[in-house]
Amino acid sequence: MSTLITNIAELMTQDAEHRVLRDAAVVIEGERISWLGPAAGAPAADEAVDAGGRALLPGWVDSHTHLIFAGDRTAEFEARMAGESYSAGGIAVTTGATRSTSDFELTRLAMGRIAEAVSQGTTYLETKTGYGLDVENEARSARIASTVADEVTYLGAHLVPAGMDAEDYTELVCGPMLAAVLPYVRWADVFCEQGAFNEDQSRRVLQACKDAGLGLRVHGNQLGEGPGVRLAVEFGAASVDHVNYLSAADIDALAGSWSGWQDAGGTGSQVTGAQGKGQRGTVATCLPACDLSTRQPLAPGRELLDAGVQLALASNCNPGTSYTSSMAFCVTTAVLQMRLSVHEAVRAATYGGALALGRESGNDVDGERAVGSIAVGHRADLHLLNAPSATHLAYRPGIPLTRAVWRAGVAQAVR
């Protein structure tokens, strides 16, 4: 079954050439993109969709969420808005509620959150464990996450549970807990922060998970300068997330991690584009919705981009510090308050997220469909706006602009 989407006013590909096509069309075959180019030259297809002079983007790639949870933390939010400072300890409230909730209910809640995200244009999504914090419940969270999310990250090292010795818990995270979650996860993460895991503990977690064959991510530099960025670069982590407080040395380290990398792609309408070549670095993932909720300074996205760092934007959807799945809100904030251009912000929320998840490349040859960009052979993850250009995401803040969504070539329900 093939579908032609035509009469596209602006097609923001986010491919290797950063192309923006006007009066364009795209053809979907099955789950893949089979053609894109000028609408006047589009091939025939089994069915046609008239975009009506609207803008078409890649679907959002949300590379940082915490969706496997139960409970409510509005009281904590109200207290923070009244002037209390954020600390890592609130995670324990969610842990208690999550442990006491059934598998069925946790799955139902997570599926509802994902449906909400998809209806707003998110087509590829990572989520983490981290609200179980014992062997049984971390394994349960990982198993549930593997049935609902595209990518699953092990975050047993989220917080040391009350009553446990930090060293003993770190050994648990690196040993029996890691073994229990391993069948369900592709990534591992550690909250390297004051009040969570110190540098030595974080290093041990990263090494154990690397030895187990998992890709690495780091929660780092959220509440102050610290070792998170340095550890992420040292271990070759795919991303370091939050990055609110960065020294000049941190920015230099992140930029240096990308010094041997370049995007690569062909030319013309059949480009298979956002693959890169050379040595991958560590993506800096900014979480602006979280920054606003915790009243932390916004991550220095402009400075990171100017230094040559690859940037991602993600929602950090979680019950305590960022209870939103709206990637459009993150893009809007990045433009209005972080000084990114619309194109840079959209790229960070699509291609950047794919890069942070190692899913920016792949085509018909290798069978691993790339996400986060619109190119031939890539997965047909598409987001049609009810606007003639992506600029309206920032120009009309807060307005729901999602008109239609295709996820792996399948049209999704839009609320």
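Residues numbered from 1 in each chain as written. Predicted model: local features only at pLDDT ≥ 70, side-chain atom pairs only at ≥ 80, totals over all residues. Heavy atoms only, no water.

Novice: Help me understand the side chain of Q296, please; the structure alone is not making it clear to me.
Specialist: With respect to the helices, strands and loops of the structure, Q296 is situated in the loop between α10 (288-294) and α11 (301-307). In this structure Q296 touches Q222, L223, N244, Y245 and D291, once residues within four positions along its chain are discounted. (Helix = DSSP H or I, 4+ residues; strand = E, 2+ residues; numbered from the N terminus. Contact = heavy atoms within 4.5 Å.)

Novice: Any chance you could explain the pairing of strand β15 (residues 382-385) here in plain terms?
Specialist: It is a general feature of regular strands that their side chains alternate between the two faces of the sheet. Residues of β15 alternate between two faces, with L382 and L384 on one and H383 and L385 on the opposite face, all of them buried. Examined bridge by bridge, strand β4 (residues 47-58) and β15 share three bridges and lie antiparallel to one another. Residue L56 lies in a different strand from β15, and its bridge partner there is L384. Two strands pair when backbone bridges link them, and β15 and strand β16 (residues 402-407) are joined in this way by four bridges, in the antiparallel orientation. By the bridge assignment, L384 is partnered in β16 with A404. (Buried < 20%, exposed > 50% of the residue type's maximum accessible area, 1.4 Å probe, protein only. Pairing = 2+ DSSP bridges.)

Novice: For this particular structure, what's the right way to read the sheet that holds strand β1 (residues 2-12)?
Specialist: Within a sheet, adjacent strands bond to each other through the backbone by hydrogen bonds, running parallel or antiparallel. The sheet built from seven strands is open, its strands ordered β3-β2-β1-β4-β15-β16-β17 with mixed pairing. The strands lining the two open edges of the sheet, one partner per strand, are β3 (32-38) and β17 (410-411).

Novice: Looking at this structure, how should I read the side chain of E360?
Specialist: Looking at where E360 falls in the secondary structure, it is placed in the loop between α14 (351-356) and β15. In terms of polar contacts, E360 uses its side chain to reach the side chain of R280, at 3.1 Å. (Polar contact = N/O pair within 3.5 Å; in protein donor to acceptor, adjacent residues only side chain to side chain.)

Novice: How should helix α9 (residues 248-257) be read in this particular structure?
Specialist: One full turn of an α-helix is made of 3.6 residues, so residues set three or four places apart face in the same direction. Buried within α9 are the following residues: D250, I251, L254, A255 and S257. Down the axis of α9, the buried side of the element spans an arc of 160°, and every buried residue falls inside it. Turned more than 90 degrees from where α9 packs its buried face, A248, A249 and D252 sit exposed. Residues of α9 that are buried sit in contact with α8 (228-234), β10 (239-242), β13 (283-286) and α11. (Arc of directions from axis to C-beta.)

Novice: Whenever I open this one, the packing of helix α5 (residues 166-174) against helix α7 (residues 199-211) confuses me. Can you help?
Specialist: Axes are the key here: two packed helices are described by the angle between their axes and the distance separating the axes. For the pair α5 and α7, the least separation of the axes is 9 Å and the interaxial angle reads 15°. With respect to their mutual orientation, α5 and α7 come out roughly parallel. Classified by chirality, the crossing of α7 by α5 is right-handed. Of the residues in α7, those in contact with A166, E167, T170, E171, V173 and C174 of α5 are Q201, R204, V205 and A208. Of the residues in the contact of α5 with α7, the class split is five nonpolar, two polar and three charged. (Axes fitted to C-alpha atoms, helices over the stretch in contact; angles between N-to-C directions. Parallel < 35°, antiparallel > 145°, perpendicular 65-115°, else oblique. Left-handed = near helix turned anticlockwise from the far one by under 90°. Nonpolar A, V, L, I, M, F, W, Y, C, P; charged D, E, K, R; others polar.)

Novice: What should I look at first to understand the sheet that holds strand β8 (residues 187-192) in this one?
Specialist: Spatially, β5-β6-β7-β8-β9-β10-β13-β14 is the arrangement adopted by the eight strands of the open sheet, whose pairing is parallel. Each edge of the open sheet is held by one strand with a lone partner, namely β5 (60-62) and β14 (311-313). Averaged over neighbouring strand pairs, the angle between their axes works out to 25° when direction is ignored. Bridging between β10 and β13 involves three bridges; their strand directions are parallel. Looking across to β13, one finds that V240 is bridged to A284. Along the sheet, helix α12 (residues 327-337) makes contact with β5, β6 (122-128) and β14, crossing β5 at roughly 95°.

Novice: Please clarify how the environment of G362 should be interpreted in this entry.
Specialist: Mapping G362 onto the fold places it in the loop between α14 and β15. Its relative accessible area of 2% is what places G362 among the buried residues. Residues G362 and H378 lie 16 residues apart in sequence; the distance between their C-alpha atoms is 6.8 Å.

Novice: I would appreciate a short explanation of the nonpolar core in the present structure.
Specialist: Taken as a class, soluble globular proteins show a tendency for nonpolar side chains to be buried jointly. Of all hydrophobic cores here, the largest spans 91 residues; its most connected members are Y154, V243, L304, V346 and L393. When sequence neighbours within four positions are dropped, the list of residues in contact with V243 reads G220, N221, V229, A284, T285, C286, A299, P300 and L304. By size, the runner-up hydrophobic cluster in this structure holds 18 residues, among which are I5, I28, V376 and A404. (Core = buried A, V, L, I, M, F, W, Y, C linked by side-chain atoms within 4.5 Å.)

Novice: How do you make sense of the environment of V410 when you look at a structure like this?
Specialist: Summarising the element assignment, V410 is placed in strand β17. As a C-alpha pair, V410 and L382 span 28 residues in sequence and 9.6 Å in three-dimensional space.

Novice: I tried to follow α7 on my own but got confused; where do I start?
Specialist: When the terminal C-alpha atoms of α7 are compared, their 18 Å separation across 13 residues agrees well with the 18 Å that a helix rising 1.5 Å per residue should span. Of all the residues in α7, the buried ones are Q201, S202, V205, L206, A208 and C209. The arc that holds every buried residue of α7, seen down its axis, measures 165°, which confines them to one face. The elements touched by buried residues of α7 are β7 (151-157), α5, α6 (176-181), β8, β9 (215-220) and α8. Backbone nitrogen of D200 and a side-chain oxygen of the N-cap are separated by 3.2 Å at the start of α7; the cap is N198. (Expected span 1.5 Å × (residues − 1).)

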